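Notes for the structure review
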Amino acid sequence: MAPTKKGILERLNAGEVVIGDGGFVFALEKRGYVKAGPWTPEAAAEYPEAVRQLHREFLRAGANVMQTFTFYASDDKLENRGNKLTFTGTQINEAACDLAREVANEGDALVAGGVSQTPSYLSCKSEAEVKGIFKKQLQVFVKKNVDFLIAEYFEHVEEAVWAVEVLKETGKPVAASLCIGPEGDMHGVSPGECAVRLVKAGAQIVGVNCHFDPMTCVEAVKMMKEGVEKAGLKAHYMVQPLAFHTPDCNCQGFIDLPEFPFGLEPRILTRWDMHKYAREAYNAGIHFIGGCCGYEPYHIRAVAEELAVERGVLPAASEKHGSWGAGLEMHTKPWVRARARRDYWENLKPASGRPQCPSMSAPDSWGVTKGHADLMQQTEATSKDQLKKLFDRKTH
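Residues numbered from 1 in each chain as written. Predicted model: local features only at pLDDT ≥ 70, side-chain atom pairs only at ≥ 80, totals over all residues. Heavy atoms only, no water.

With respect to the overall build of the protein chain
Threshold: Each helix is a run of H or I in the DSSP string that is no shorter than four residues. Each strand is a run of E no shorter than two, and both are numbered from the N terminus. Two things to know: the radius of gyration comes from C-alpha atoms, and the globule rule equals 2.2 Å times the number of residues to the power 0.38. Residues count as neighbours in contact if any of their non-hydrogen atoms are within 4.5 Å of one another. Residue exposure ignores everything except the shown protein chains as possible cover, and the areas themselves are Shrake-Rupley values with a 1.4 Å probe. The charged-residue count follows a simple rule in which Lys and Arg add positive charge and Asp and Glu add negative charge, with His and chain termini not counted at all. Every charge is mapped to an atom, namely NZ of Lys, CZ of Arg, CG of Asp or CD of Glu.
Secondary structure summary: the protein chain contains 17 helices and eight strands in total. Its C-alpha atoms give the protein chain a radius of gyration of 21 Å, within 12% of the compact-globule value 21 Å for 396 residues. Overall size of the protein chain, expressed as C-alpha extent along the three principal axes, is 60 × 60 × 45 Å. Within the protein chain, residue pairs in contact and separated by at least 24 positions form 78% of the contacts whose partners lie at least 6 positions apart. As presented, the protein chain carries roughly 17900 Å² of accessible surface, and 52% of it is formed by carbon and sulfur atoms. Taking the 47 positively charged and 51 negatively charged side chains of the protein chain as two groups, their mean positions are separated by 3 Å.

What follows is the structure, encoded as structure tokens:
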């Protein structure tokens, strides 16, 4: 019999560093298995080999949490705006759980079942209706016996609290992660207050994911930590940011940038940026450190390498990666061999090679959120008339 793995809270209570995985929807969209727009995870059932391989690459890179590929796998999202699938939500969620467990069992990794924000909440459905959607998805996670649960990618703390209240009914450990920055959620609730509400709802791990770059996300989690401690509460902290630089974002994050989603590549962080992020997060008291959209396995490897001393282990993928460019000592060109040193890569300011492009963008800033008519969702495909109104607004 295989030895029992330590649970997520046991690891965090012991002061261990837990490394999360990266961003599946963006990574699989680039590989041709996810459709940009709906961003739904039917690939778990439709192309399981692609999802399995990405899990394996993140495991090899050092991740010890395999998050089920169930982002936007609620029934209302799977059926939103004309999205037609040949798989049911239950089939997708079950397939995702099976894949995550299969790969987690290949190493010392845990499986986290994840739920995310819903079109129903944006369309002002009731608390009971929104919770009903979470409960249906949760049935699969209980059946498949995931190790812990994550409520992630919530723009509004109110909906995240509803999700936590549902997840807590299982008795499993619960993490809650909002896609907010230092300005707070989309209704203006501060990061500190958001965290307090989540902890009071029952979340043992709180933090942020997506929408903003690593340093911005770390700053938001610091504010969460301050709020929780000021309230006399206790929690563990997590951060899983974008792998894109977003200094020009407003409170809506990167989806407001004109480059979203198909022109973001010039903003990608280097592996050396990831070393700085991992150290900053750890020094802030954040011990669950991973990534979201834009993160590839080499980014997670860099996080694991930066914290190798604290974790007591290097990831398997470091076998093919010399520390701070040391492998370049074997290069045929002498000027490249001269780059085989830490100070070179730590101090490099990489050029974009795009002389006609600006370094910053102006966010769209439409300023709409839950309760606004523009965010009411529908099962029917977006009509030409609806698109024309959006195009006309965009050009004026």
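A look at the packing of helix H4 (residues 48-61) against helix H13 (residues 297-306)
Rules: To obtain each axis, a line is fitted to C-alpha atoms, and for helices this fit is confined to the stretch in contact; angles are then taken between N-to-C directions over 0 to 180 degrees. For this classification, under 35 degrees means roughly parallel, over 145 means roughly antiparallel, 65 to 115 means roughly perpendicular, and everything else is oblique. Handedness of a crossing follows from how the near helix is turned relative to the far one, being left-handed for an anticlockwise turn of less than a right angle and right-handed for a clockwise one. Under the grouping applied here, Gly and all other residues not named as nonpolar or charged are polar, the nonpolar ones being Ala, Val, Leu, Ile, Met, Phe, Trp, Tyr, Cys and Pro and the charged ones Asp, Glu, Lys and Arg.
At a minimum axis distance of 8 Å, the contact between H4 and H13 shows a crossing angle of 20 degrees. The orientation of H4 with respect to H13, classified from their angle, is roughly parallel. As H4 packs across H13, the resulting crossing turns out to be right-handed. In contact with Leu54, Glu57, Phe58 and Ala61 of H4, H13 contributes Pro297, Ile300, Arg301 and Ala304. Within the contact of H4 with H13, the residues separate by chemical class into six nonpolar, no polar and two charged.

Observations regarding the nonpolar core
What counts here: Throughout this description, the term nonpolar core refers to a set of buried Ala, Val, Leu, Ile, Met, Phe, Trp, Tyr and Cys residues connected via side-chain atoms within 4.5 Å. Only protein chains enter the accessibility calculation, which uses a 1.4 Å probe; a residue is then buried when its area is under 20% of its type maximum, exposed when over 50%, and partly exposed in between.
Counting residues in hydrophobic clusters, the biggest one holds 97 residues, and the most contacted among them are Phe69, Leu178, Leu198, Val239, Phe254, Tyr277 and Ile286. By residue number, the principal contributor to this core is helix H9 (residues 157-167), which donates eight residues. If sequence neighbours within four positions are ignored, leucine 198 has contacts with Val157, Ala160, Val161, Val164, Ala176, Leu178, Ala203 and Val206. The next biggest cluster of nonpolar side chains, apart from the first, holds 13 residues, and it includes Ile8, Ala112, Phe148 and Met238.

Limitation: the analysis is restricted to geometry and does not speak to function.
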